[in-house]
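Chain by chain, the residues run as shown.
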Amino acid sequence: MPPKVDREKCDGCKAQQEPLCEQVCPGDLMTLGEDKKAYCRMPRDCWDCMSCTKACPVGAIETRIPYQLGYHLAKLIPMMGTNTITWTCIDINGKVERFRYVNRGRLD
Amino acid sequence: METPSSKTGLFFWDQGGRLGKALDLNWLLSKLSKTKGISCCSLLEDPWGPEGLSQVVEKVKKGELGRLLWVGRFSREQQGILKEKLAEEGLNPYLQEWCDLEEQGVCRDGLEQTARSNKALLLIQMCLARVRLLEPLAPVEIPASESLLVIGAGAAGLHAAVSLTNLGKEVHLVERQSGVGGKVASLHRFYPRLCDPRCGLEFSIQTLIDSGRARFHTLSRVVSLEGGPGNFQVRLEKRPRFVDEARCNACGECARVCPVQVGVSPDSQPQGELPGLPAAATKAIHPSLPMGFPMAYVVERQHCPPGCRECERACPSKAVGLDQEPREEELLVGAVLVTTGWDPYPLFKVEEFGYGLYPNVISNLQMEGLLGSPVEAPKEVGFIQCVGSRDERHLSYCSTVCCSVSLKQALYLKQRRPDASCYVFYQDIRSPGFQEELYQKLKDMEGVTFIRGIPSTVRPEAETGRLRLRVEDTLSGREVNLALDLLVLAGGMVPSQGSEELAQVLRLPRNSLGFFESHLQCHPEESQRTGIYVGGCSREPMGVAASIESAQHAALEALRFTGGSVLIDPRYPVVDKTKCDKCKRCMEECPFGSFYFDENEFPTPHLGRCRQCGNCVGICPLAAISLRNLTIKQMAAQIQAASASFMDGKEPTVFAFLCQNDAYHAAKAAVEEGFPVPPNVVFVKVPCAGYVNNALIADALALGIDGVLIGGCEDGQCHYVKGNQLVRKRSDDLSDKLQKMMMDRDRVRFVNLEIRDSEKYTAAIEQFVQDLRAMGPNPFKI
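Summary of the structure given here. Computed from a predicted structure; not experimentally measured.

**Concerning the overall build of chain B**
Right, so step 1: Within chain B one finds 22 helices and 38 strands.
Right, so step 2: Projected onto its principal axes, the C-alpha coordinates of chain B cover approximately 100 × 65 × 55 Å.
Right, so step 3: Per-residue burial for chain B yields a buried fraction of 49% across its 782 residues.

Encoded structure:
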C-alpha cells in the first residue's frame, strides 16, 4: 500500500526541485504535484520500504500497511533520532510494541 | 589543529561550602575519579589564592590534562580568567567546560541527600559526555575591505559618509538621481531653528571632497551583490549623463540653446499650475538635481528631438557627449549602508480633498517649494494633518514629522506674511520632544487657528477659484465654513521607490509596511543580512535629525566589517557533507540568509554572514549541521547521559532545552530566588530555541526521558527573528507523530519564557511534572 501524504503538513520541502521523499525513494515514485505537495505517482509499484516516511522532515508521510500484513488499524511508525531509529508497531487489535535500534553504517 | 589528549581533569570548587552541605562530596569524588577518561579529580580549596590553581596549571603544563571540567559556581568573569590563565599554558579555551550544580537546583530541591548526590553525579556526567567530545577551536580571520558602500546620498547617507571618511575609510556613495542631497535638499527650512538645510548638506559635501576618500556614483543603481561581510562584490549600473563630469563647469551655455522645456520637480510629483507659482520647468539639459552637485549638467535624452545636437555644439569645453552608453562598474566593499530614504505618499489616492484635481491643493513637500520661491505667499492657508496617515485605507502608521512640518510651515508663512491666516485641521497634534515648544508658540500666535476636525468637503468656488471647506470642529461641536487660497495636505512617508528593487538585489527582508526589517530595540540599524545596515527613513519614518543619527549609528556598526580583517568567533556551524543530501532547507530557513553553495553544491554557511544562532542545526532534517562547539553529537551524548534515571523510578524526569538569552536566565533565577522548582528537571542551554532538532527530542524520548521541555522567547521577541516559531512548528509535528505512536502528544512541550519569568518557569515545570505523573512513565523506558 502506498505512502499517504498529509497535505496539510507537507510543505513540498519548501518547493525545492526535489523534495526529500523524492530523493530517497528507491523506485522514484514520489514527486511534487502541481500544488507543490508530494504524492506517490504509481501506488502499485511501492515496496513499502518506508524510506520516505523516515525522511520526511515534517512527519507528513504515513505508510499504510499492506492488507496482507494488517488491516487499517495496524500501523508502523518510525521516529528518527540522531543515531537511532525507534519503531512503534501497532497491530490490528491495537496492541503496541516499541523497538529502538542504533543505526548501522555510520560514516564517521 | 591536532586532536588534544582525552585525559580529563575534573575540579570542584565548593564556594561557601554550599555543595558540601547539600551533597556527599566524598562519594561524588570517589565515584567520578573511577570514571573512564578522568585522570585527575580533586577539590580546589581556594582557586583564587596565590597557589590555588598551581596543581591545575602544573598538570596542564606537563600535558597530563588535555581537557578540563570545572564543577561549582564560576561567574562568567571567573571563567574568562581561567580560560586566559590556562591558554598561557597551551590549553585551548574551548576545551574547558563548566558545570554549575547550583543553577540546576541540586542544593535547594526537596530531595534526600543520596538522591541529590545522584542527580549531581548525573549532571556532571552529562557535562563529561560533552567534554569528551570537545574540540580545540580558534577564531577565523576573514579579509575585510577598507571601503564601504552607501546606497542613497541624501542627508542620512552624506552624513554617515562624512563620519566614515573622517575615520579614514573609503566610501562609495551611490545615488539614483543625477545629484546628491535627496529629499532634504528640496526642503525650504528645517525646524526648530528654521535654518536652510542646504547649509548642512554643502558642508558635508565639502568635507567629503576634502577628504579625498569619497566617490560619488550618481545616476547609478546596485544591480547585484555577492559575497559576504568584509568582502561584498557589488555591481553598479551607471546610466549615461551625456556630459563629461571632468570637463563640465556648469556654465549653462548648453541650456540656453536647448530647444526643449521639460517640467522637472525634485519630488517627482506633478507640480500643478499653482496661481502665481512658475512651473518648475527646465530644459532637457539641466544641472544635477536636486542641488547642483556634482557640478555637471545632465541630459534627459528621452526628451531630445531626433537629431538635435545643439548642446553638443554649444558647449565651450566639449563636455557634452550624446552618444554615451550605460556602463557597469564593480566595487569591493566591506559593508553596505542602506539610506534610501522615503517618498511622499501618493496623495491622489486620498480622493476626498481633491489633490491633483484642484491646482491650489498641494502636498506639504510642494509647500516647501512654494515657500522657497520668490512669489507672494498666499493669504489664507489651510493645513490638513494626517492625510492618508493613521488610516487603515492608506497608511496604518504615523510618519512622526508631518505635524511639526505643518507647524514650521505656518510659522514661516507668518514670518513672511504677517497678515496671513493659517488654519490647521488635525486629529491630534503630535509634536514629540522639544517640538512641543513650536506647537505652543504657534498656538499663541495671532492668525493661527487650530481646528480639531478634518474637512468633510473641499470645493472650489467657481468665480474666485478659492477653496470652500466645511469642517466640524469636534471640540466646540460647531460647523465651520471657510474659504481658503491654498490647502496644504500633510501626507506621510513611504519607503522610497527603489527600495523594493533594492530589497531583491540585497535579499533584504522588509516588513509589512515596506520598510527594511531590523530588531528595533536591540539592533535598530542591523538588517537581517549581516554586513548590511539600514539607516534613516528606509527603516522607519523619522525626522532629519533622527535620520542622520540613525545613519551614523549604522555607520558605526558597519565599521566592524572593515579594516583589513575580521575575526570570526569559531562557534559557527559546519555541514557534515557525508550526511547532507542538499535538501536546501537550511538555505530556505536561515533567518539571515547565510548559506551559499560551495563548489560541489553543498550548502555552506558564510562565516561572515552567519550569526551563530544554530537555527540551521535545528532545521536540518538529517541532523547534519552542527555548531562547532555545540555539535549534534555532543548534545546527543549529553542526552544519553541524562537518560539514566536520577529520580526514584516512579517519578517522571524532564529534559529541558533552554534558550540562553532568556529562558536559561529565568531558570537560573528561579533557583536563586528560591522558587520551588521540582527536582525532576535537568536542563541544557542552547543558543536559541531554534537550535533544538527533532532528532534530539526523539533521542530523549526514545531513551526513556518522560518529557521534553523547550523554553524559548515570546513570539516576536526572538533575537534571531523566528527561532522560537520554527522550533514550535517542528515540535508540534513531532507531537502529532507521538499521537500516532499511541503516546501522549504532550510529552513535548514548548514554553514562552522571558528573562524574568522565573515564576512562570517554575509553574510550567510543576505543571509538566504533574501532567507527566498522570500520563505514566514513558513507554520507551526500559
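**Quick look at the sheet that holds strand β1 (residues 8-13) of chain B**
Residues and elements named next belong to chain B.
Right, so step 1: Read across the sheet, four strands follow the order β2-β1-β3-β4 without closing on themselves; strand pairing throughout is parallel. Looking at strand neighbours, the two that pair on one side only are β2 (38-44) and β4 (96-99), the edges of this open sheet. Across this sheet, the average inter-strand angle for adjacent strands is 15°, counted without regard to direction.
Right, so step 2: The pairing of strand β3 (residues 67-72) with β4 spans four bridges and is parallel. Note that in β4 the partner of Trp-70 across the bridge is Trp-98.

**Considerations on the pairing of strand β28 (residues 523-527) of chain B**
Residue and element names in this part refer to chain B.
Right, so step 1: The pairing of strand β27 (residues 518-519) with β28 spans two bridges and is antiparallel. Paired with Ser-518 across the bridge in β28 is Ser-527.
Right, so step 2: Between β27 and β28, which follow one another and run antiparallel, lie three residues.

**Some words on unusual backbone geometry**
Right, so step 1: Geometrically, the link from B:Leu289 to B:Pro290 is a cis peptide bond, its omega value of 5° lying close to zero.
Right, so step 2: Relative to the elements of secondary structure, B:Pro290 occurs in the loop between β13 (285-287) and β14 (297-299).
Right, so step 3: Its identity is not glycine, yet A:Asp48 carries a phi of approximately 60°, on the positive side.
Right, so step 4: Counting through the fold element by element, A:Asp48 comes out in the loop between β3 (38-40) and α3 (51-55).

**Remarks on the sheet that holds strand β7 (residues 96-102) of chain A**
All names here are of chain A.
Right, so step 1: Spatially, the three strands line up as an open sheet ordered β5-β6-β7, and their pairing is antiparallel. Looking at strand neighbours, the two that pair on one side only are β5 (75-80) and β7, the edges of this open sheet. Strand-to-strand twist of the sheet, defined as the mean angle between neighbouring strand axes without regard to direction, takes the value 15°.
Right, so step 2: Where strand β6 (residues 84-90) and β7 come together, seven bridges link them in antiparallel fashion. Across the sheet, the residue bridging to Ile-90 is Val-96, located in β7.

What counts and how
Residues numbered from 1 in each chain as written. Chains lettered and ligands numbered in written order. Predicted model: local features only at pLDDT ≥ 70, side-chain atom pairs only at ≥ 80, totals over all residues. Helix = DSSP H or I, 4+ residues; strand = E, 2+ residues; numbered from the N terminus. Buried ≥ 20, exposed ≤ 12 C-beta atoms within 10 Å, placed from the backbone. Pairing = 2+ DSSP bridges. Axes fitted to C-alpha atoms, helices over the stretch in contact; angles between N-to-C directions.

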